[in-house]
Amino acid sequence: MVCVLVCNNKCISDLEVLLATIEIDQGVQTVIDLFGAIVGAEGGDLEFIGLSAGKLTVRYNEGHNAECPECVPSHEMVQQMMEESLKIHAPTVTGLDLL
């Protein structure tokens, strides 16, 4: 671990500093957690990239299911479902950029 900050004689790593500075709105976190579980069931995942000026950016890494390829949510489906869920849980988010 590389110390980037020492606070109260404790070495704090780059990751800890980054995590301490990122504050995600609770509604946004709820949506990411909910859809992360949905896409995770098929081997995919969601990665929070950022939230700026009301625009949420999330990376969707699509999963793979050889036995049921149609079970893997499409990029468009995840986009639509997340947009609708954000309207309920995080109405201050005005746009979603799903990478």
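See above for the structure.
These notes cover the structure that comes with them.

What to know about the state of the cysteines
No. 1: For the structure shown, the criterion picks out 1 disulfide.
No. 2: Paired through a disulfide, C68 and C71 show a sulfur-sulfur distance of 1.8 Å. In this structure the cystine formed by C68 and C71 twists about its S-S bond by roughly 65°; its chirality is therefore right-handed.

Topic: the environment of I38
No. 1: Take I38: it is sitting in helix α2 (residues 26–40).
No. 2: Given a relative accessible area of 35%, I38 falls into the partly exposed group.

Describing the packing of α2 against helix α3 (residues 75–89)
No. 1: Between α2 and α3, the least distance of the axes is 9 Å, while the angle of their chain directions is 150°. Taken together, α2 and α3 sit at an angle that is classed as roughly antiparallel. Crossing hand, α2 versus α3: right-handed. Facing G27, V28, T30, V31, L34, F35 and V39 of α2, the residues of α3 in contact are V78, M81, M82, S85, L86 and H89.
No. 2: Tallied by class, residues from the contact of α2 with α3 come to 9 nonpolar, 4 polar and no charged.

Parameters and conventions
Per-chain numbering applies: the sequence of each chain, read as written, is numbered from 1 onward. At least 70 in pLDDT is required for a residue's local features to be given in this predicted model, at least 80 for side-chain atom pairs to be given and counted, and no such filter applies to totals for whole chains, interfaces and linings, which use all residues. Values shown for side chains rest on all heavy atoms present in the structure; no hydrogens or waters enter the calculation. Throughout, a disulfide means two cysteine sulfur atoms within 2.5 Å of one another. Strands are runs of DSSP state E lasting at least two residues, helices are runs of H or I lasting at least four, and both sets are numbered from the N terminus onward. Only protein chains enter the accessibility calculation, which uses a 1.4 Å probe; a residue is then buried when its area is under 20% of its type maximum, exposed when over 50%, and partly exposed in between. Angular values range over 0 to 180 degrees, each being the angle between N-to-C directions of two axes fitted as lines to C-alpha atoms, with helices fitted over their stretch in contact. Any angle between 65 and 115 degrees counts as roughly perpendicular, while under 35 counts as roughly parallel, over 145 as roughly antiparallel, and the rest as oblique. Take the far helix as the reference: if the near one is turned anticlockwise from it by less than a right angle, the crossing is left-handed, and if turned clockwise, right-handed. Between two residues, a contact is recorded if the distance between any of their heavy atoms is within 4.5 Å. The residue classification treats Ala, Val, Leu, Ile, Met, Phe, Trp, Tyr, Cys and Pro as nonpolar and Asp, Glu, Lys and Arg as charged. All others, Gly included, are polar.

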